[in-house]
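# Observations on the three-dimensional arrangement
These are the residues of each chain, in order.
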Amino acid sequence: MTTEFKHSDALSRISPSATIAITQKARDMRASGRNNILSLSIGEPDFDTPEHVCEAARAAIAAGSTRYPPVSGVPVLKEAVSAKFTRDNGLRYAINQVLVSAGAKQVIANALMATLNSGDEVLIPTPYWVSYPQLTQLCGARPVFLATKASDGFLLQADILEAAITPRTRWLILNSPSNPSGAVMDRQALARLGEVLQRHPHVWILTDDIYEHLIYTDTPYSTIAQVCPDLFDRTLTVNGVSKAYAMTGWRIGFAGGPAPLIKAMELVQSQLSGGASSIAQWAAAAALNGPQDFIHECRTSFRIRRDRLVAALREIKHMDCEMPEGAFYAFPSCEAFLGCATSQGKVLKTDEDFVSELLDKTGVAAVHGSAFGSPGYFRISYAASSDVLDEACGRISDFCCTLR
Ligand SMILES: Cc1ncc(COP(=O)(O)O)c(C=O)c1O
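Residues numbered from 1 in each chain as written. Predicted model: local features only at pLDDT ≥ 70, side-chain atom pairs only at ≥ 80, totals over all residues. Heavy atoms only, no water.

For the protein chain, the name recorded in an unreviewed UniProt entry is Aminotransferase, with Paraburkholderia caribensis MBA4 as its organism. Its UniProt record gives the protein chain a comment under Cofactor (unreviewed entry), which states: "pyridoxal 5'-phosphate". UniProt's Sequence similarities (unreviewed entry) comment on the protein chain is quoted here verbatim: "Belongs to the class-I pyridoxal-phosphate-dependent aminotransferase family." (UniProt positions renumbered as here; feature names shortened; annotations may be inferred.)

Once that is clear, we can look at the side chain of arginine 395. Assignment of secondary structure puts arginine 395 in helix α14 (residues 386–402). Relative accessible area serves as the criterion here: at 15%, arginine 395 is assigned to the buried category. Not counting residues up to four positions away in its chain, the partners in contact with arginine 395 are Asn36, Leu38, Thr362, Gly363 and Val364. (Helix = DSSP H or I, 4+ residues; strand = E, 2+ residues; numbered from the N terminus. Buried < 20%, exposed > 50% of the residue type's maximum accessible area, 1.4 Å probe, protein only. Contact = heavy atoms within 4.5 Å.)

Turning to the packing of helix α5 (residues 104–115) against helix α10 (residues 259–272), a few remarks are in order. Running from amino to carboxyl end, α5 crosses α10 at an angle of 105 degrees, the nearest separation of the two axes being 8 Å. When the axis of α5 is compared with that of α10, the two are roughly perpendicular. Facing Gln106, Val107, Asn110, Ala111, Met113, Ala114 and Thr115 of α5, the residues of α10 in contact are Leu261, Ala264, Met265, Val268, Gln269 and Leu272. Among the residues forming the contact of α5 with α10, the class breakdown is nine nonpolar, four polar and no charged. (Axes fitted to C-alpha atoms, helices over the stretch in contact; angles between N-to-C directions. Parallel < 35°, antiparallel > 145°, perpendicular 65-115°, else oblique. Nonpolar A, V, L, I, M, F, W, Y, C, P; charged D, E, K, R; others polar.)

Spatially, seven strands are ordered β2-β8-β7-β6-β5-β3-β4 in an open sheet, and the strand pairing comes out mixed. Taken across any chain shown, the strands that pair with only one partner, and hence form the sheet edges, are β2 (98–101) and β4 (142–146). Strand-to-strand, the axes of this sheet are offset by a mean angle of 20 degrees, without reference to chain direction. Bridge analysis of strand β3 (residues 121–125) against β4 gives five bridges, and the strand direction is parallel. Bridge pairing links isoleucine 124 to phenylalanine 145 in β4. In this fold α5 packs onto β2, β5 (169–175), β6 (204–208), β7 (235–240) and β8 (253–256), with an angle of close to 155 degrees to the strand it touches most, β7. (Pairing = 2+ DSSP bridges.)

Further remarks concern the domain arrangement of the protein chain. One can read the domain layout of the protein chain as domain 1 (9–48 + 294–402) and domain 2 (67–289). Taking the mean C-alpha position of each, domain 1 and domain 2 sit 26 Å from one another. If you look at the interface, domain 1 gives 32 residues, while domain 2 gives 31 residues. Across the domain 1/domain 2 interface, buried area totals approximately 2,800 Å², and carbon plus sulfur atoms make up 60% of it. If you look at where domain 1 meets domain 2, you find zero salt bridges. Among the elements that take part in the side of domain 1 that touches domain 2, helix α12 (residues 293–315) stands out by supplying six residues, more than any other. Split into classes, the residues belonging to the side of domain 1 that touches domain 2 amount to 16 nonpolar, seven polar and nine charged. (Domains from an automatic or database assignment. Buried area = accessible area lost by both parts, 1.4 Å probe. Salt bridge = Lys/Arg side-chain N within 4 Å of Asp/Glu carboxyl O.)

Between the first and last C-alpha of α10 there are 20 Å, a value that for 14 residues agrees with the 20 Å anticipated at 1.5 Å per step. Turning to α10, its buried residues number three or more, namely Leu261, Ile262, Met265, Val268 and Gln269. Seen end-on, α10 carries its buried residues on one side only, within an arc spanning 120 degrees. Of the residues in α10, the exposed ones pointing more than 90 degrees away from the buried face are Pro260, Lys263, Leu267 and Gln271. Where α10 is buried, its residues touch β2, α5, β5, β6, β7 and β8. (Expected span 1.5 Å × (residues − 1). Arc of directions from axis to C-beta.)

So this is what it looks like as structure tokens:
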């Protein structure tokens, strides 16, 4: 007799990440002998973690910091996080207003799990990072998507926000610089949203600032609790070390927010994971407290690659690409190619068809825009060497030229 596996109702509300699925497909193609695969689908810096950060981890092991850490984070890191928020964002979070988790992803999961009930609504501007709607649905709540336009620089407009708020709205999620569009909200853009939010005190704001340091304009970085101090008491400011210090594998994220919310998130975390790795927490403290030149070097390198990539994409006939102001993604439109056929006669009906054929025919792995709630686009990560990006653009261009 076979035992049937039955999953929970909650599991049926979520699906695997399209980004991970495409990256895996590219890996499988490589493993099966295709050695010309260019994987531009993954969202992580291609730099090594700085040496002084690795050294801090080794020192933590040598000092025996290997036991269960406090659930909300080791004091040295919580102090470093509090100091980081003051230094970089002008935000004052006391130690009981700081939580450390296993990545920004777990911070966000904790927050949603601690606050959402069935039927609650979470406002998510499109294009969005894939996990926001998934985590919302896992909690039994409903994602409500707020469309943005390329002609507005993919920035959420105040009237769209105002029209979407209902008595069931619990959260608005903001992400600047954005994954996948690279859009950056400046003070004015945030202040316009802040005006709307002031009229709706039941709506809380979760701002995901994970790409804060990867910004290529001269405008200083702004986050909503700083621009709109009236919203401080209902804003969760999320950040982490993954992108800024090339520490994706260390799994450390953190947040500052109102003490009752932080306490509720800590309770969730105490049952789910018990907290983040103690060794990685010491390393993250060294990253936040140590020299920051690494960030400047990465930013310079990413800016050069962005300029080169976007210029090459814009050379392709019928391809539009906004200039992303931050993060490390370009988000060009493939709309003009939909309805066209490949040289083998396959008609590209959707953006998913476009990226799938692109991968099969040219070996370039990118992610379709509909995975981020914006059909007609595709995302290319420029966390890759200039040679790889040049080669990828050449192949994309050749592919587009063959479409009829
Ligand atoms: C917008 C955004 N938020 C959060 C994360 C996850 O960050 P972490 O590695 O800290 O969990 C990512 C990772 O791709 C991201 O793109």
